[in-house]
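Read off the chains here:
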Amino acid sequence: ARPTLAGLALTSSLRVRRMAWWSRTRVVYAIGRNYVAHAHELNNPVPKAPFWFIKPASSIIGSGTPHQLAPGATDTHHELELGVVIGRRATRVKAADAMAHVGGYCLALDMTDRG
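Note that the structure is a prediction, hence the values are computed from the model and not measured.

About the cut-offs
Think of each chain on its own: its residues are numbered from 1, step by step along the sequence as written. At least 70 in pLDDT is required for a residue's local features to be given in this predicted model, at least 80 for side-chain atom pairs to be given and counted, and no such filter applies to totals for whole chains, interfaces and linings, which use all residues. The side-chain values count all of the structure's non-hydrogen atoms but skip hydrogen atoms and water molecules. To qualify as a helix, a DSSP run of H or I must reach at least 4 residues; to qualify as a strand, a run of E must reach at least 2; elements of each kind are numbered from the N terminus. Classification of residues uses two cut-offs on accessible area relative to the type maximum, computed with a 1.4 Å probe and protein chains only: under 20% is buried, over 50% is exposed, and between them is partly exposed. Put simply, a patch holds well-exposed residues, over 30% relative accessible area, that have no salt bridge, with like charges counted together within 9 Å and Val, Leu, Ile, Met, Phe, Trp or Tyr side chains within 5 Å. To be clear on the numbers: accessible area is Shrake-Rupley with a 1.4 Å probe, and residue cover counts the displayed protein chains and nothing else. Here a salt bridge means any side-chain nitrogen of Lys or Arg lying within 4 Å of a carboxyl oxygen belonging to Asp or Glu. A pair of Phe, Tyr and Trp rings is counted when the ring centres sit within 6.5 Å of each other, with Trp represented by its six-membered ring. The angle between the planes then sorts it: under 30 degrees is stacked, over 60 is edge-to-face, the rest tilted. One confidence number per residue, pLDDT, is output by the predictor and ranges from 0 to 100. In this analysis, two residues are considered to be in contact whenever any of their non-hydrogen atoms come within 4.5 Å of each other. Here a polar contact means two N or O atoms within 3.5 Å. Within protein one must be a hydrogen donor candidate and the other an acceptor candidate, and residues neighboring in sequence count only if both atoms are side-chain atoms.

Novice: For this particular structure, what's the right way to read the environment of Pro47?
Specialist: Locating Pro47 in the fold gives a position in the loop between α1 (36-41) and β5 (51-56). According to the relative accessible area criterion, Pro47 is partly exposed, its value standing at 26%. A C-alpha to C-alpha distance of 8.5 Å links Pro47 and Asn34, two positions 13 residues apart in sequence.

This is the structure in structure tokens:
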């Protein structure tokens, strides 16, 4: 059996509540090292600005859905994140107009193996 946390098997993925939007999601945009303490915790240099990275839509699983750790996972960490759901297509949006594209918010549990 693979390791579990609180009875749920885990992997490097986002866990979100079941909502209509996630079934249409093609990609998850994420921000890394957006606070100094986190960069220090990972023994990484503090960047001048946070960086963006992506996770595939396949990294999203519904709330309560068990998911196994990746083979060889030895040091899995979790972080509760605030997810911002973009509700309509947006390209080169001005900061003043950005909130018009936000469709809602969600909680996401980001699982990462640091081993």
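Novice: Honestly, a nonpolar patch on the surface in this entry has me stumped. Any pointers?
Specialist: Together, Leu82, Val84, Ile86, Met99 and Tyr105 line one region of the surface with nonpolar side chains, adding up to about 550 Å² of accessible area. Of the residues forming the nonpolar patch, the biggest block, three residues, is contributed by strand β7 (residues 76-86). With a relative accessible area of 55%, Met99 lands in the exposed category.

Novice: Which parts of the structure should I look at to understand the packing of aromatic side chains?
Specialist: The relative placement of two aromatic rings is captured by the distance of their centres and the angle of their planes. Following the criterion strictly, the structure yields one aromatic pair and no others. Ring plane angle 45° and centroid distance 6.1 Å describe the contact between Phe51 and Phe53, whose orientation is recorded as tilted. Since its relative accessible area comes to 33%, Phe51 is described here as partly exposed.

Novice: Please explain the confidence of the model for the chain as it appears in this structure.
Specialist: Low pLDDT marks stretches whose predicted atomic positions should not be read closely. Taken as a whole, the chain shows an average pLDDT of 75; of its residues, 78% reach a score of 70 or greater. Here residues 1-18 is modelled with pLDDT under 50, and outside its nearest four sequence neighbours on either side it reaches 62 contacts, counting other chains as well.

Novice: What's the story with unusual backbone geometry in this structure? I'm lost.
Specialist: In terms of backbone geometry, most residues other than glycine have negative phi values and most peptide bonds are trans. With a phi angle near 60°, Asn43 is a residue other than glycine that sits in the positive phi range. By the secondary structure assignment, Asn43 is in the loop between α1 and β5. With phi around 50°, Arg92 is a residue other than glycine that occupies positive phi space.

Novice: Please explain the side chain of His101 as it appears in this structure.
Specialist: Along the chain, His101 falls in the loop between β7 and β8 (102-113). A polar atom in the side chain of His101 sits 3.2 Å from the side chain of Arg88. A distance of 3.3 Å separates a polar atom in the side chain of His101 from the backbone oxygen of Arg89. Residues contacting His101, with those up to four places away along its chain left out, are Val85, Ile86, Gly87, Arg88, Arg89, Ala90 and Val93.

Novice: Could you clarify how one ought to interpret the side chain of Lys55 in this entry?
Specialist: In this fold, Lys55 is placed in strand β5. The class for Lys55 is buried, based on a relative accessible area of 10%. Of note is the side chain of Lys55, whose polar atom sits 2.5 Å from the side chain of Asp110.

Novice: Looking at this structure, how should I read the pattern of salt bridges?
Specialist: A pair can form between side chains of opposite charge whenever their charged atoms are brought close. Enumeration over the complete set of coordinates arrives at three salt bridges. The salt bridge partner of Arg114 is Glu41, with a shortest N-O separation of 2.9 Å. In this pair, Arg114 sits in the segment after β8 while Glu41 sits in helix α1, placing the two residues 73 residues apart along the sequence. With a shortest N-O distance of 3.2 Å, Glu79 and Arg114 are connected by a salt bridge. Of this pair, Glu79 sits in strand β7 while Arg114 sits in the segment after β8; the two residues are 35 residues apart in sequence, bridging distant segments of the chain. When its relative accessible area of 19% is taken as the criterion, Glu79 is described as buried.

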